[in-house]
Amino acid sequence: MQVNIRHQVSPYFLFFIIIGAQTGVGILGFHRIIAKHAGYDAWISVLIAGVIIQLVMFVMIHLLSSANGDIVDVHNQLYGKILGSIMSGIIMVYFWLAAVSVLREYIEIIQVWLFPTLPTWVMAVLILLLCYYIISGGFRVVAGICFVAVLYTFLLFFNHFNLPRNYIHLDNLLPILDHSFADLLRSAKETSYSMAGFEIILMVFPFIKNAKTSRKFAHLGLAYTTLFYTVGAFTTFLFISEKQIQSNIWARININTLTTFSFIQRIEYILISLYLIKIVTIISLMLWASSRGFKKIFNKKQKAPLLVLMVLTLVLCQLLDNRYILHSFLNTVSSISLGLFYLYIPLVWLVFIMVKKKKRVTR
Amino acid sequence: MKYYLLTISIVILFVLSGCQIVPTQNTNEISIIQGVGFDLTSDEKLLGTIVYPEYRVDETSKVEILKAEGDTVQETIDRSQNEVQYPLVSGQLRLVLFGQKLAEKGLYPIIDTIRRTPEIANTIQLAVIEGEASELLSIKKYGKENIALYLSDMIRQNARIGELPTTDLAIFSYNYHNDGNDPYLPLLKKEKDKIKINGIGLLKDDRLITTLPVKDVFTLKMLIERFKLGTHQYKLSEDEFVVISNIKSTPHYEVKVNKGIPEFTITIKMDARLQEYRSIDRGPTDKKKVKQLQVQIKNKIEQDAARIIMFLQENGVDPIGLGSKYEAHYRDFDLRKWEEQYPNVEVKVNADIEMVHTGVVE
């Protein structure tokens with residue numbers, strides 16, 4: 001089920017796609033969530049989570065290359081047409097929910113920090129129009145946007161090393177490993193929402209040239225995001241005390257308010273505005289994946305499911321109208337991702353490998 | 001298809017910008033709050049004093065002062081809002097002052113409001129006033145000067161090159177929230193019609209406990225933070241004075257735990273320059289003399305620091321953050337137990353001062 005070579009991208013794009021999909025709104029506020037259990041040892045949890053996602057990525061790529069297609073093909077080969085379509089549908093719905101969660105969370109940040117009176121739908125319509133424009137250009141355009149977004153994450157990465165002397169306290173991190181291993185694992189679990197996004201490989205895989213031999217780019221991408229989040233957590237913990245961080249919803253933005261220039265006092269406004277490019281990337285990728293999946297399931301043109309998804313996104317964004325609903329929604333999405341990609345996919349992989357072996361033996 | 005989409009986008013952009021979805025504010029049609037002061041009135045209400053500049057076309061700008069009472073911060077602002085031509089906005093706030101009575105009762109509700117507001121930067125200056133903040137902000141002399149900017153610059157420059165420890169909202173809220181740290185704020189005082197820094201206000205949680213006079217502030221700064229610049233005078237005997245200029249000063253903390261009781265050794269490493277020396281004998285400040293001065297200053301710093309730490313322990317405040325050093329060192333740290341231990345904990349101070357040079361003459 002290979003894709004026409006005209007629509008494929010070079011292998012190294014996998015690096016940008018993985019990073020583009022993974023680094024989202026989580027960067028600004030995942031610190032307090034991961035610090036809930038493991039306190040300020042949580043940066044170690046990020047490293048643990050980094051190792052786990054490398055394993056999951058290995059499993060995913062192995063599964064996809066042995067099926068020689070995307071997750072829809074895997075499901076169809078494993079379950080047959082009808083049950084396979086239902087299972088693929090669930091994953092496509094997850095991609096859509098992920099897109100909605102990122103969009104709504106970003107709009108919330110804008111509403112809290114920049115424009116309190118901005119209606120949700122205005123921002124949603126503007127961002128979705130941009131995403132539609134990108135997705136209608138095909139996968140190669142989406143991959144190109146990922147490249148631009150990753151350039152922005154490099155900027156954000158260096159932003160972590162802005163450590164004004166009067167505000168940092170190395171004591172915060174000491175004593176290291178003050179928490180039990182179970183706590184560290186619990187915190188590692190909490191990173192799943194921030195780390196989510198790499199599952200895009202399930203749909204992207206056939207679009208990569210020589211995908212089977214170029215898995216190193218996917219692993220490199222994951223390594224980069226792990227480093228990014230670890231450094232992010234580590235440096236943020238230097239600024240804010242352990243009790244204070246629980247009250248800071250977006251710790252990273254708070255830290256950026258410490259930086260001022262004579263020509264611009266509030267650098268965080270620029271940071272938030274520039275964030276649009278990251279958000280657009282994730283939403284484009286997720287909606288592209290979702291609509292591509294539905295296209296294959298229903299055998300329609302991609303435009304039809306895409307438009308439906310966009311309208312549904314708009315509706316759902318409007319329904320998530322306060323912080324608490326949004327929060328429980330984010331939690332739901334992250335537990336779905338946990339269940340689907342850390343439990344279900346490895347299970348599918350095991351079954352798939354066994355079935356394949358059996359087939360080979362019987363043949 | 002794509003042109004069609006582009007057209008829609010452009011049309012939507014124009015329509016939306018015409019819709020006034022986000023209310024706009026023109027810079028010349030807002031009252032920019034630059035400083036606020038809060039006091040406690042006799043009936044336990046907040047008295048807010050707002051400082052904002054009023055720009056006129058044909059005059060130089062004038063600073064307006066508004067006062068209003070209320071139970072919450074926002075109410076005082078809303079009551080002031082009723083008196084002004086243009087809406088009050090807080091994005092350029094630089095200074096928040098607290099009257100002594102309010103500081104003794106607790107600052108947290110106000111700090112919390114400030115932190116909650118996204119427009120307000122994390123680097124604004126806070127200060128405690130000996131007396132009333134409203135009285136201090138309405139001194140006539142500073143009417144043209146813009147008192148809010150004046151005071152925030154005054155605190156900032158004194159922290160940067162003077163004796164005052166660095167303080168702002170971010171540092172305050174760190175110290176407030178962190179276990180084993182207590183916040184401290186500069187203490188301002190009105191004297192005739194001048195305003196001056198009159199020491200450091202020491203807080204426990206969010207309540208002002210006691211104050212440290214100006215002469216001890218430099219030593220406290222040496223104990224708290226790493227810094228450059230700043231001068232201080234030491235009186236060696238009745239008519240012998242020496243002033244050193246700090247080049248670089250760093251405190252090092254060492255914690256030893258002996259049967260559950262911590263012992264602290266603070267080593268202040270300081271490179272200094274001889275700034276001024278005054279005594280009856282007008283001999284040269286040669287190597288021997290400088291060595292001798294060095295020992296005398298070292299003893300003086302150690303005595304001062306020991307006295308200040310004793311004072312802090314007696315009052316149960318910990319601006320140095322000994323508790324947090326202990327917590328970083330000791331895994332079984334218990335905050336409640338530490339607070340009981342703190343007044344009796346042994347703290348040794350070593351000053352390791354090195355006269356790097358003596359200026360251009362010897």
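Please refer to the structure placed before this passage.
About the thresholds
- Residues numbered from 1 in each chain as written.
- Chains lettered and ligands numbered in written order.
- Predicted model: local features only at pLDDT ≥ 70, side-chain atom pairs only at ≥ 80, totals over all residues.
- Helix = DSSP H or I, 4+ residues; strand = E, 2+ residues; numbered from the N terminus.
- Buried ≥ 20, exposed ≤ 12 C-beta atoms within 10 Å, placed from the backbone.
- Pairing = 2+ DSSP bridges.
- Axes fitted to C-alpha atoms, helices over the stretch in contact; angles between N-to-C directions.
- Contact = placed C-beta atoms within 7 Å.
- Nonpolar A, V, L, I, M, F, W, Y, C, P; charged D, E, K, R; others polar.
- Parallel < 35°, antiparallel > 145°, perpendicular 65-115°, else oblique.
- Left-handed = near helix turned anticlockwise from the far one by under 90°.

Enquirer: Teacher, can you tell me more about the overall build of chain B here?
Expert: Helices and strands together make up the secondary structure of chain B, namely 11 helices and 14 strands. Dimensions of chain B, computed from the C-alpha atoms along their principal axes, are close to 80 × 60 × 55 Å. When the 362 residues of chain B are sorted by exposure, 37% land in the buried category.

Enquirer: Mind showing me how you'd approach the pairing of strand β10 (residues 207-212) of chain B here?
Expert: Taken residue by residue, a regular strand's side chains alternate between the two faces of the sheet. Residue and element names in this part refer to chain B. Inspection of the sheet shows strand β9 (residues 194-204) paired to β10 by 5 bridges, in the antiparallel sense. Looking at β10, one finds that Leu-202 is bridged to Thr-210. The antiparallel hairpin formed by β9 and β10 contains 2 residues in its connecting segment, where Asp-205 sits at a positive phi of about 50°.

Enquirer: Is there a simple way to think about the sheet that holds strand β6 (residues 95-99) of chain B in this case?
Expert: Adjacent strands of a sheet pair through backbone hydrogen bonds, lying either parallel or antiparallel. Residues and elements named next belong to chain B. The 8 strands lie next to each other as β4-β3-β2-β6-β7-β8-β9-β10, forming an open sheet whose pairing is mixed. Only two strands of the sheet have a single neighbouring strand rather than two, namely β4 (62-70) and β10. Taken over all neighbouring pairs, the strand axes of this sheet differ in orientation by 30° on average, direction set aside. Its contacts with the sheet place helix α6 (residues 147-161) against β2 (35-40), β3 (46-54), β4, β6, β7 (125-130), β8 (184-191) and β9, and it is angled at close to 100° to β7. In the packing of helix α8 (residues 214-224) onto the sheet, the strands contacted are β9 and β10, and the crossing angle to β9 comes to about 55°.

Enquirer: How should the interface of chain A and chain B be read in this particular structure?
Expert: Many structure descriptions define interface size as the accessible area lost when the parts assemble. Listed as interface residues are 27 residues of chain A and, on the opposing side, 25 residues of chain B. For the side of chain A that touches chain B, the elements supplying multiple residues, two or more each, are α5 (81-114), α6 (120-136) and α12 (242-245) of chain A. Taken together, the residues of the side of chain A that touches chain B break down into 15 nonpolar, 7 polar and 5 charged.

Enquirer: I keep staring at the sheet that holds strand β11 (residues 231-237) of chain B and nothing clicks. Help me out?
Expert: Residue and element names in this part refer to chain B. Spatial strand order, β11-β12-β13-β14: 4 strands in an open sheet with mixed pairing. Looking at which strands have only one partner, the edges of the open sheet turn out to be β11 and β14 (346-357). Going from strand to strand, the sheet's axes swing by 40° on average, the running direction of each strand aside. Pairing between β11 and strand β12 (residues 240-258): 6 bridges, direction antiparallel. Within the sheet, the bridge partner assigned to Thr-231 lies in β12 and is Ser-245. This element, helix α9 (residues 287-315), spans β11, β12, β13 (261-278) and β14 of the sheet and lies at about 150° to β14. Here helix α10 (residues 322-329) sits on the sheet in contact with β12, β13 and β14, set at roughly 40° to β12.

Enquirer: In this structure, what is going on with the packing of helix α3 (residues 42-67) of chain A against helix α4 (residues 71-79) of chain A? I would like to understand it.
Expert: Relative orientation and spacing of two packed helices are given, respectively, by the angle between their axes and the distance between those axes. Residue and element names in this part refer to chain A. Following both chains from N to C, one finds α3 and α4 inclined at 65°, their axes separated by 9 Å at the closest point. When the axes of α3 and α4 are compared, the pair comes out roughly perpendicular. The way α3 lies across α4 gives a crossing that is left-handed. Every residue of α4 that contacts α3 at Leu-63, Leu-64 and Ala-67 is listed here: Asp-73, Val-74 and Gln-77. Along the lines of polarity and charge, the residues of the contact of α3 with α4 split into 4 nonpolar, 1 polar and 1 charged.

Enquirer: Any chance you could explain the pairing of β8 of chain B here in plain terms?
Expert: Residue and element names in this part refer to chain B. The pairing of β7 with β8 spans 3 bridges and is parallel. By the bridge assignment, Val-128 is partnered in β8 with Leu-187. One ladder, built from 7 bridges, connects β8 with β9; its direction is antiparallel. Bridge pairing in β9 places Leu-188 opposite Ile-197. Remark: 2 residues form the turn of the hairpin made by β8 and β9, two consecutive strands paired antiparallel; Lys-192 in that turn has positive phi of roughly 50°.

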